[in-house]
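The primary structure of each chain is shown beneath.
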Amino acid sequence: MDLLFKNKKITGILSIVPQKVVSFEEEMANYNFSPAKSKKLALVMGYKQHRIALEHQTSADFCMHGLQYLFDNNFLNKDSIDALLFVSQSADYIMPPTSNVIQGHFDMKTDMVCMDINQGCAGFELGLIQAFMLLEQESINKVILLNADVLSHKVSKQDRNSFPLIGDAAAITIVEKSDDTIPIHVTLNMDGKGAFALRIPAGGARLPHSEETAKMVEDEAGNFRSLDNLVMEGDQVFNFVQREVPPMINHLLELTSKNVEDVDFFMFHQPNKFMLNKVADALKIPYEKMPANIVENFGNSSSVTVPLNITFNLGETLKSETKSICVAGFGVGLTWSSALMNIGNLDFCNIIEF
């Protein structure tokens with residue numbers, strides 16, 4: 001699906017990461033794998049360290065800490081917010097919506113939209129789509145897009161397929177109306193036939209949490225996890241990304257009559273360094289235009305990886321310059337989406353700790 005928007009812009013991006021830093025070497029003893037093989041895996045996949053939330057910290061906590069920072073530093077006035085979008089797969093509650101909880105915490109105006117969106121790896125792009133659509137309304141001028149996930153609590157520490165790469169984080173993106181008529185092209189694709197390639201089997205209505213679902217079981221590769229833990233079918237995810245992402249980006253470039261050289265940066269979701277570099281190779285994108293350093297520094301924080309990628313690699317640049325940037329997310333769902341837009345002269349583009 002191809003979508004087209006105009007007169008929209010991003011005016012600020014803030015990433016919020018946990019203070020707790022855990023190195024890969026600290027955790028190697030948890031895996032049923034020799035140290036030599038673990039170190040080789042770390043080199044290929046880009047495992048170095050990741051940011052992990054404390055046991056009591058939730059997705060909403062990171063968002064509220066970030067919003068308070070923006071209010072305190074006069075980057076954002078709460079009365080100017082017309083819509084609050086919370087994109088996550090680790091919401092604080094099944095009910096009520098986390099976006100409403102955040103709205104109530106700050107005593108925001110009632111004349112606004114609050115919306116929870118259950119999306120993961122492509123959640124930044126889907127959040128932007130929803131923000132752009134809301135801004136088509138005359139009464140909506142400013143949308144706050146919250147991307148947050150605290151998934152480390154749902155991943156087995158004895159699962160070398162998933163735990164070394166997982167990271168917790170949140171991001172706040174301000175999206176507003178603009179006089180700029182330069183088109184923003186967006187692509188969106190979904191394939192539920194592959195939905196169970198990334199899943200948490202238990203904990204929902206289909207299979208509620210119980211003593212049985214909490215039992216740890218060893219798989220054929222020597223990983224230990226329970227039905228309450230995240231399961232990633234690595235080969236299926238890898239094949240999906242290599243099969244679908246390069247054609248999606250080529251299609252987006254064709255839509256916009258551009259080539260790789262015309263785009264300043266490709267800021268993509270980062271499942272791991274190996275997978276992302278394979279995508280860059282397929283598209284003939286120089287590595288310096290497609291950074292792959294988020295997992296090794298922060299971990300894979302689902303929909304937060306794209307805004308975190310931007311703030312970490314382009315934070316200072318985008319405060320004073322405008323760049324042509326292609327963003328893309330791909331993974332759980334299965335969902336894959338991309339957008340090409342100008343981003344720059346931002347009011348803020350920072351990373352803070354919580």
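Since the model is a prediction, treat every value here as computed from it, not as a measurement.

Parameters at a glance
Residues numbered from 1 in each chain as written. Predicted model: local features only at pLDDT ≥ 70, side-chain atom pairs only at ≥ 80, totals over all residues. Heavy atoms only, no water. Helix = DSSP H or I, 4+ residues; strand = E, 2+ residues; numbered from the N terminus. Rg over C-alpha atoms; globule rule 2.2 N^0.38 Å. Buried < 20%, exposed > 50% of the residue type's maximum accessible area, 1.4 Å probe, protein only. Contact = heavy atoms within 4.5 Å. Areas by Shrake-Rupley, 256 points an atom, 1.4 Å probe, with all protein chains shown as cover. Phe/Tyr/Trp six-rings, centres within 6.5 Å; stacked < 30°, edge-to-face > 60°. Axes fitted to C-alpha atoms, helices over the stretch in contact; angles between N-to-C directions. Left-handed = near helix turned anticlockwise from the far one by under 90°. Pairing = 2+ DSSP bridges. UniProt positions renumbered as here; feature names shortened; annotations may be inferred.

1. A closer look at the overall build of the protein chain
And step 1. Tallying secondary structure elements over the protein chain gives ten helices and 17 strands in all.
And step 2. The C-alpha atoms of the protein chain give 19 Å as radius of gyration, which agrees with the globular expectation for 354 residues (20 Å, within 12%).
And step 3. Principal-axis analysis of the C-alpha atoms gives the protein chain an extent of 55 × 45 × 35 Å.
And step 4. Of all 354 residues assigned to the protein chain, the portion counted as buried reaches 56%.
And step 5. Contacts in the protein chain between residues at least 24 apart in sequence constitute 78% of all its contacts with a sequence separation of at least 6.
And step 6. Working note: accessible area of the protein chain is about 15,400 Å², and carbon and sulfur atoms make up 50% of it.

2. A look at the packing of aromatic side chains
And step 1. Considering all chains together, one arrives at ten aromatic pairs under this definition.
And step 2. Both rings, one in Y69 and one in F75, keep their centres 6.3 Å apart while their planes meet at 35°; by these two values the pair is tilted.
And step 3. The exposure class assigned to Y69 is partly exposed, which follows from its relative accessible area of 23%.
And step 4. Take F75: its relative accessible area is 29%, and that puts it in the partly exposed class.
And step 5. With centroids separated by 5.1 Å and ring planes inclined at 85°, the aromatic side chains of F298 and F312 adopt a geometry described as edge-to-face. With F298 in the loop between α8 (294–297) and α9 (305–314) and F312 in helix α9, this pair connects stretches of sequence that are 14 residues apart.

3. Some points on the packing of helix α6 (residues 234–255) against helix α7 (residues 273–283)
And step 1. Remark: α6 packs on α7, axes separated minimally by 10 Å, with the N-to-C direction vectors making an angle of 35°. For the crossing formed where α6 meets α7, the hand is right-handed. In this structure, α6 contributes V237, F238, V241, Q242, V245, P246, I249 and N250 to the contact, and α7 contributes F274, M275, K278, V279, A282 and L283.

4. Side note on the sheet that holds strand β6 (residues 113–117)
And step 1. Ordered in space as β6-β5-β7-β8-β2-β17, the six strands form an open sheet in which the pairing is mixed. Each having just a single partner strand, β6 and β17 (348–353) make up the two edges of the open sheet. Each adjacent strand pair in this sheet contributes to an overall mean axis angle of 15°, direction not counted.
And step 2. Examined bridge by bridge, strand β7 (residues 142–149) and strand β8 (residues 169–177) share eight bridges and lie antiparallel to one another. Across the sheet, residue N147 finds its bridge partner in β8, namely A171.

5. With respect to the pairing of strand β14 (residues 265–268)
And step 1. Side chains of β14 alternate between two faces, with F265 and M267 and F266 and F268 buried alike.
And step 2. Looking at chain direction, β14 and strand β15 (residues 322–331) are connected through four bridges and run parallel. Bridge pairing in β15 places M267 opposite V327.

6. A short note on unusual backbone geometry
Excluding glycine, a negative phi dihedral is what most residues carry, and trans is how most peptide bonds are arranged.
And step 1. Backbone torsion omega between M95 and P96 reads 10°, so that peptide bond is classified as cis.
And step 2. Inspection of the secondary structure puts P96 in the loop between β5 (83–87) and α4 (98–105).
And step 3. For the peptide bond that leads from G333 to L334, omega is -15°, which places it in the cis range.
And step 4. You can see L334 is positioned in the loop between β15 and β16 (335–344).
And step 5. Even without a glycine there, the phi angle at S257 is positive, about 55°.
And step 6. Residues other than glycine seldom take positive phi values, yet S302 does so here, at roughly 60°.
And step 7. Its place among the elements puts S302 in the loop between α8 and α9.

7. Brief notes about the UniProt feature "domain: Beta-ketoacyl-[acyl-carrier-protein] synthase III N-terminal" (unreviewed entry) in the protein chain
And step 1. According to UniProt, the positions carrying the feature "domain: Beta-ketoacyl-[acyl-carrier-protein] synthase III N-terminal" (unreviewed entry) are residues 115–191.
And step 2. Spanning residues 115–191, this segment combines 16% helix with 35% strand, and its end C-alpha atoms are found 23 Å apart.

8. As for the UniProt feature "domain: Beta-ketoacyl-[acyl-carrier-protein] synthase III C-terminal" (unreviewed entry) in the protein chain
And step 1. As recorded in UniProt, the feature "domain: Beta-ketoacyl-[acyl-carrier-protein] synthase III C-terminal" (unreviewed entry) lies at residues 258–342.
And step 2. For residues 258–342, the end-to-end C-alpha separation is 13 Å, with 34% helix and 26% strand making up the annotated structure.

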